[in-house]
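Each chain is listed here by its residues.
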Amino acid sequence: MEYEWKPDEQGLLQILQLLKESQSPDTTTQRAVQQKLEQLNQYPDFNNYLIFVLTKLKSEDEPTRSLSGLILKNNVKAHFHNFPNGVTDFIKSECLNNIGDSSPLIRATVGILITTIASKGELQNWPDLLPKLCRLLDSEDYNTCEGAFGALQKICEDSAEILDSDVLDRPLNIMIPKFLQFFKHSSAKIRSHAVACVNQFIISRTQALMLHIDSFIENLFALAGDEEPEVRKNVCRALVMLLEVRMDRLLPHMISIVEYMLQRTQDQDENVALEACEFWLTLAEQPICKDVLCRHLAKLIPVLVNGMKYSEIDIILLKGDVEEDEAIPDSEQDIRPRFHRSRTVAQPHEEDHIEDDDDDDDDNDLDDDDTISDWNLRKCSAAALDVLANVFRDELLPHILPLLKELLFHHEWVVKESGILVLGAIAEGCMQGMIPYLPELIPHLIQCLSNKKALVRSITCWTLSRYAHWVVSQPPDTYLKPLMTELLKRILDSNKRVQEAACSAFATLEEEACTELVPYLAYILDTLVFAFSKYQHKNLLILYDAIGTLADSVGHHLNKPEYIQMLMPPLIQKWNMLKDEDKDLFPLLECLSSVATALQSGFLPYCEPVYQRCVNLVQKTLAQAMLHNAQPDQYEAPDKDFMIVALDLLSGLAEGLGGNIEQLVACSNILTLMYQCMQDKMPEVRQSSFALLGDLTKACFQHVKPCIADFMPILGTNLNPEFISVCNNATWAIGEISIQMGIEMQHYIPMVLHQLVEIINRPNTPKTLLENTAITIGRLGYVCPQEVAPMLQQFIRPWCTSLRNIRDNEEKDSAFRGICTMISVNPSGVVQDFIFFCDAVASWINPKDDLRDMFCKILHGFKNQVGDENWRRFSDQFPLPLKERLAAYYGV
């Protein structure tokens, strides 16, 4: 029997009154409404009233009816499993009967309600939903067809996975061919729904779609010239996804697809143009990109370059006509959340500068205007040009240079600005080919830094930062000095966007220039400190980063009384102003960590309050976490980033102050707190606590030693390479501890050795982890050769290959002493891989005398053991440089 339900007049009036009140802008009213709604949820048929207003009460205005449906949707999200059966059935049947309401707003609301019920696991419990909606598609009534399609599109978006699983008896086998029939429907809205529905199943390579792939592509081509922008947008989106998933099917049509996408990238509708522009980004990642595009570059490059101009709307949104805004405080929502990268311990390399290119922190990506609707045609075009420059390298220049000449010297600022962006976008890919033009271009750009338009000044900062590497490679007076002088002026610009761009660019320049900046330190600090008094909230956070990067780049050169006098007072003043709950502490703590490491003993006068506060932050966070774990409904979870950043600053203090930190550690409970942090379930907390453990072990082992029996088992369980950084820092800490413990380490070797040997033999282990693992194995062998040497054969080969590329340093020294000691205990363990050992020995530039004697002894011992003839045959396999080096250094 049909469920008959009639609302009570009084009840209905009360609910309508509530719906009216909830549209009031007054927050007190809003809060009262929220409480009433929560109370009404206690009544089982409250939700019947809501669906009744949405679907039956045609006398009410549409916004009120729609709102009633959205409140019902929230109730479904929160309490659906408590709805009585009768209520659930009533809601479901009302939805299906009203999907074709004459109002688009009500249809859309019913569609949202249906998909919310469906995604609550109810697709299984609502077996007639999909068949009914599919039947409604065939309705003669436009509203019914459009409403059903709208609902289906939302279900396809929300429940794509379950639609393609065995749970529902594979409904897509019927749905997808059905959708394809509607590609040719007379209504643009319905054509658009149909393409959007099928698009949900491309990336997952859904079987039901793959069976019809050719008919799908054919139908897409038929819609290529559709007059409705929404349809063209969905066609472009489909082709971009097919490029990733079914390149094989697109290849035969590639020339016409490229030509089509060229047209669409210039579409009058910016949303269509943006979807089409994604095509070039995606294509650039495909191996066939070069073959496909080489013939089209002459047409494509001007289109992309043209898309890089600010649109009029962009300029309005960016307040491009407001030149001076430095006195206007920032609105809080402009400030993006920052992510703190926890400390990872890594080894210095021989070729440190060449290697860094692939993993720089993306600080200087195409992110010059992060406040507008984040992704737009300008950004997409610039990103596409950037990736294509990386694919085609200098072959791109013949197409770009003529355009650049015109743009860079154009009298309209918008055009000039886009030229400067182009120049920055190609910097990475076309660097080699650009070098001949840079002596002329860089001075021109430095001039543009004082352009009267703020948007030109800000983009110029970014573009110059992309060429910082080249600038630093030239004699400093030629470009570095003028660039630095002008950038420092821009840091004090009267426009906030320019300040931000200049600060970020300067941080990049600092990383490239390192100690080249030392002669200008007073001048640089003068500017950065003055910016403190000038900056609004958002840019202060970037300023901290520029100061921290400066400290990392010049290191101990910062440790001069006059520099400390300039820099520390404003930092400490901010430090004292900020409350413990303030997220602005993160960048300030990171900055102080770099400063403390650079200043070393120079930081002593400031260290006590900084140390105490960090310990407090860790303690507070742990206490809050304990409360939350005990009574999750009473206490909220803490933000553990406070604890992570505090642990990292403590590491910075330990590294900078060394033994001077001893008294502070003695008077605090930091080791007890670390014992808890090392067992935290959040990997980043463990990662930072192991870094601190290693630093405290180096700085004041007398305080760490009593805890070693508690710490070692925890370190052993964290040697799990699934958490790379945790594993890396735990490994490093074990190595530092073993150097301090000496022979007393014996007892702990079984807890860690077999994991370390397993890690060093694992394929695809990141380089940093391999190097730290090798060093720690070597150090364990140095202090406990009898325990470790028996395993020599199982790790000697990967050990040698992972340490041959790191620079001579203390850690490498102790690790090699360990290997030599183990070889003398177990010489047969190295025999099969002796060539690798020879290679590793040859990687030393100047080992200490006694270490060189150890090498000598082993090499000559091996040579005498096998005899001259065999040694000659053996050393004939050596590459020539290795042979010459061993002969010269060790006389073998």
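Above this text sits the structure in question.
**Focus on the overall build of the protein chain**
Consideration 1: When helices and strands are tallied, the protein chain shows 51 helices and 0 strands.
Consideration 2: Taken over the C-alpha atoms alone, the protein chain extends approximately 100 × 70 × 65 Å along its principal axes.
Consideration 3: Within the protein chain, the fraction of its 892 residues that count as buried is 56%.
Consideration 4: Considering only contacts in the protein chain between residues 6 or more positions apart, those separated by 24 or more positions represent 75%.
Consideration 5: Taken as a whole, the protein chain presents about 39,400 Å² of accessible surface, with 51% of it coming from carbon and sulfur.
Consideration 6: Between the mean site of the 79 positive side-chain charges and the mean site of the 126 negative ones, the protein chain shows a separation of 2 Å.

**A closer look at the packing of aromatic side chains**
Consideration 1: According to the stated counting rule, one finds 23 aromatic pairs in the structure shown.
Consideration 2: Measuring from centroid to centroid gives 4.8 Å for Phe-586 and Phe-642, while their planes differ by 65 degrees, and the two rings are edge-to-face. Residue Phe-586 is located in helix 34 (residues 585–599), and its partner Phe-642 is located in helix 36 (residues 641–657); the two are separated by 56 residues in the primary sequence.
Consideration 3: Ring-pair connections join several aromatic residues into one group, and the members of that group are Trp-799, Phe-816, Trp-844, Phe-855, Tyr-889 and Tyr-890.
Consideration 4: A cation over a ring is seen here: Arg-378 above Tyr-310, with NZ or CZ 3.7 Å from the ring centre.
Consideration 5: Here the basic side chain of Arg-686 rests over the ring of Phe-723, its NZ or CZ set 5.4 Å away from the ring centre.

**Observations concerning helix 42 (residues 724–741)**
Consideration 1: Under the 1.5 Å per step criterion, the end-to-end length of helix 42 is 26 Å for 18 residues, consistent within 8% with the ideal 26 Å.
Consideration 2: Within two residues after helix 42, Gly-742 carries a phi angle of roughly 60 degrees, on the positive side.

**Considering the side chain of Glu-510**
Consideration 1: Note on placement: Glu-510 falls in helix 30 (residues 496–513).
Consideration 2: Polar side-chain contacts of Glu-510 include one of 3.2 Å to the backbone nitrogen of Leu-550.
Consideration 3: Ignoring sequence-local partners within four residues, the contact set of Glu-510 consists of Leu-517, Leu-528, Ala-546, Thr-549, Leu-550 and Ser-553.

**Let's talk about helix 44 (residues 767–783)**
Consideration 1: With 17 residues, helix 44 extends 25 Å between its outermost C-alpha atoms, agreeing within 8% with the 24 Å of an ideal straight helix rising 1.5 Å per residue.
Consideration 2: Judged by how many residues are buried, helix 44 sits mostly within the fold: 14 of 17 residues are covered.

**A few points about the state of the cysteines**
Consideration 1: Under the defined criterion, the tally for this structure stands at 0 disulfides.
Consideration 2: As a non-bridged cysteine, Cys-430 has Cys-289 as the owner of its nearest cysteine sulfur, 13 Å distant.
Consideration 3: Considering cysteine sulfurs only, Cys-461 is the nearest to Cys-503, which forms no disulfide, with 9.6 Å between them.

**Digging into the pattern of salt bridges**
Consideration 1: Tallying each qualifying case throughout the model produces 41 salt bridges.
Consideration 2: Residue Arg-466 is joined to Asp-386 by a salt bridge in which the shortest nitrogen-to-oxygen separation is 3.5 Å. Of the two residues, Arg-466 sits in helix 27 (residues 454–466) while Asp-386 sits in helix 22 (residues 377–392), which places them 80 residues apart along the sequence. With respect to class, Arg-466 is no different from Asp-386; both count as buried.
Consideration 3: Where Asp-876 meets Lys-883, a salt bridge forms, and the shortest distance between an N and an O atom there is 2.8 Å.

**A look at the environment of Ser-494**
Consideration 1: Relative to the assigned elements, Ser-494 resides in the loop between helix 29 (480–491) and helix 30.
Consideration 2: It is 73 Å that separates the C-alpha atoms of Ser-494 and Arg-872, two residues lying 378 residues apart in sequence.
Consideration 3: When near neighbours in sequence (up to four residues on either side) are disregarded, Ser-494 contacts Glu-323, Glu-324, Asp-325 and Glu-326.

**Digging into the packing of helix 7 (residues 129–136) against helix 8 (residues 142–158)**
Consideration 1: Following both chains from N to C, one finds helix 7 and helix 8 inclined at 140 degrees, their axes separated by 8 Å at the closest point. The angle between the axes of helix 7 and helix 8 places the two elements in the oblique class. Here helix 7 and helix 8 pass one another in a crossing that is left-handed. In this structure, helix 7 uses Leu-129, Leu-130, Leu-133, Cys-134 and Leu-136 to contact helix 8, whose residues at the interface are Thr-144, Cys-145, Ala-148, Ala-151, Leu-152 and Ile-155.
Consideration 2: Residue classes in the contact of helix 7 with helix 8 are distributed as 10 nonpolar, 1 polar and no charged.

Cut-off values and rules
- Residues numbered from 1 in each chain as written.
- Predicted model: local features only at pLDDT ≥ 70, side-chain atom pairs only at ≥ 80, totals over all residues.
- Heavy atoms only, no water.
- Helix = DSSP H or I, 4+ residues; strand = E, 2+ residues; numbered from the N terminus.
- Buried < 20%, exposed > 50% of the residue type's maximum accessible area, 1.4 Å probe, protein only.
- Contact = heavy atoms within 4.5 Å.
- Areas by Shrake-Rupley, 256 points an atom, 1.4 Å probe, with all protein chains shown as cover.
- Lys, Arg positive; Asp, Glu negative; His and termini not counted.
- Charge placed at Lys NZ, Arg CZ, Asp CG, Glu CD.
- Phe/Tyr/Trp six-rings, centres within 6.5 Å; stacked < 30°, edge-to-face > 60°.
- Lys NZ or Arg CZ within 6 Å of the ring centre and 35° of its normal.
- Expected span 1.5 Å × (residues − 1).
- Polar contact = N/O pair within 3.5 Å; in protein donor to acceptor, adjacent residues only side chain to side chain.
- Disulfide = S-S within 2.5 Å.
- Salt bridge = Lys/Arg side-chain N within 4 Å of Asp/Glu carboxyl O.
- Axes fitted to C-alpha atoms, helices over the stretch in contact; angles between N-to-C directions.
- Parallel < 35°, antiparallel > 145°, perpendicular 65-115°, else oblique.
- Left-handed = near helix turned anticlockwise from the far one by under 90°.
- Nonpolar A, V, L, I, M, F, W, Y, C, P; charged D, E, K, R; others polar.

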